[in-house]
Amino acid sequence: MFKALLLNQQEKQTIATIEQLDDSQLPQGNVLIDVDYSSLNYKDGLAITGKGKIIRQFPMVPGIDLAGTVVESGDERYQPGDQVVLTGWGVGETHWGGMAERARLNADWLVPLPKHFNGKQAMMIGTAGLTAMLCVQALVDAGITPESGEILVTGASGGVGSVAITLLAQLSYQVAAVTGRAEENSGWLKSLGATRIVERHELEEPARPLEKQLWAGAVDTVGSKVLAKVLAQVDYNGAVAACGLAGGFDLPTTVMPFILRNVRLQGVDSVMCPFEKRQQAWQRLGELLPASYFEQACREVSLDEVAECAEAITKGQITGRVVIKP
Ligand code: NDP
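Per an unreviewed UniProt entry, the chain carries the name Oxidoreductase and comes from Photobacterium atrarenae.

This is the structure in structure tokens:
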């Protein structure tokens, strides 16, 4: 028997309960895993509270991320005792996820735990950190260098934003951090490596088609009017890596930044990211994240506390990372 957070739906409400299950109830897969840690992402918050249509089949164990130890494997790449990490692939959405003591998964979705990290540290990174790395890599691939100018990071206090700031600072970029919680979080964001704090409301004003050029590049986790403003302010030949919709999924912009300033908008997805790119990103996270990253604010919670944290993350009230010890 093992313990799991189970989501069910009653009268269109999502109900989360903690249940004792056995291995025979786990979904199909060729690797059985003891989960050491999971983590809480914005998407998990939407799934657990039912505020977003993330889950379409119930019952479901949420948790889009997990780090664990292989118990049984029908795939020659993994042996019992191997430590692995999983993010994305629809786990915690269409396949039972990480918020349980056990998971049965497809070997193709796994990445060997990078040697730089233990399971808890990997979950302090999680989908959010992997996505931040993919965004930073997108800017590097677009030819944006530290000499190009300042990089703007939106949703700075969130999981993706805070790792993006850390990685960019480690790569010697000047980073301006956009936050709606400047009073509370400026000190922390600067300790991660932000050189300047920008108040969120400054970016929420309606954007003119083109505005004063301020940023060599940007990592945007917010979307909507904030992304529209960022696009209007990016330098000639700049690039924006867009991965999120914390402020909304619309994009009220014009083609002007693209056709008059050669601005590039690069979408970033971590969920279906192919194995090789994923493994390289984990490797790069291992090389770039300083030890201090793992000493910063991280809340470790049990399955009983997940529902409350899920509510908080959907309200933008969580700072830094929440890891779950099932
Ligand atoms: P978090 O909730 O941890 O962080 C989001 C941050 O955005 C908040 O901390 C807050 O920062 C800011 N924010 C919240 N609400 C608003 C709002 N209404 N308008 C403007 N800013 C807001 O989420 P994550 O960092 O985990 O994820 C960020 C986004 O990226 C989400 O939309 C998520 O779905 C998406 N995502 C996409 C992935 C992909 O593969 N494409 C993978 C992972 C995440 P502050 O208080 O500092 O302003």
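**Q** Would you explain the site of the ligand in this entry?
**A** Neighbouring residues of the ligand: 32 residues in total, closest Gly155, Ser157, Gly158, Gly244 and Gly247. Elements represented by at least two residues in the shell around the ligand include exactly helix H1 (42-49), helix H2 (119-141) and helix H3 (159-170). A breakdown of the residues in the shell around the ligand according to their chemical character gives 13 nonpolar, 15 polar and four charged. Here the shell around the ligand spans two domains, and each of domain 1 (2-116 + 291-324) and domain 2 (126-267) adds at least three residues to it.

**Q** Is there a simple way to explain helix H8 (residues 275-288) in this structure?
**A** Structural remark: α-helix, 3.6 residues per turn; residues separated by three or four positions point the same way. Compared with an ideal rise of 1.5 Å per residue, which puts 14 residues at 20 Å, H8 spans 20 Å between its outermost C-alpha atoms and is within 8% of the ideal. Looking at the packing, one finds that the buried side of H8 touches strand S7 (111-112) and H2.

**Q** Can you help me understand the nonpolar core in this one?
**A** Across soluble globular proteins, nonpolar side chains show a tendency to be buried alongside one another. The biggest cluster of nonpolar side chains holds 104 residues, and the ones touching the most others in it are Cys135, Ala164 and Ile165. At 13 residues, H2 tops the list of elements feeding residues into this core. Mapped onto the domain boundaries, this core takes at least three residues apiece from domain 1 (2-116 + 291-324) and domain 2 (126-267). Residue contacts for Ala164: discarding those within four places in its chain leaves Ala132, Cys135, Val136, Val153 and Val219.

The rules behind the values
Residues numbered from 1 in each chain as written. Predicted model: local features only at pLDDT ≥ 70, side-chain atom pairs only at ≥ 80, totals over all residues. Near = placed C-beta within 6 Å. Helix = DSSP H or I, 4+ residues; strand = E, 2+ residues; numbered from the N terminus. Nonpolar A, V, L, I, M, F, W, Y, C, P; charged D, E, K, R; others polar. Domains from an automatic or database assignment. Expected span 1.5 Å × (residues − 1). Contact = placed C-beta atoms within 7 Å. Core = buried A, V, L, I, M, F, W, Y, C linked by C-beta atoms within 7 Å. Buried ≥ 20, exposed ≤ 12 C-beta atoms within 10 Å, placed from the backbone.

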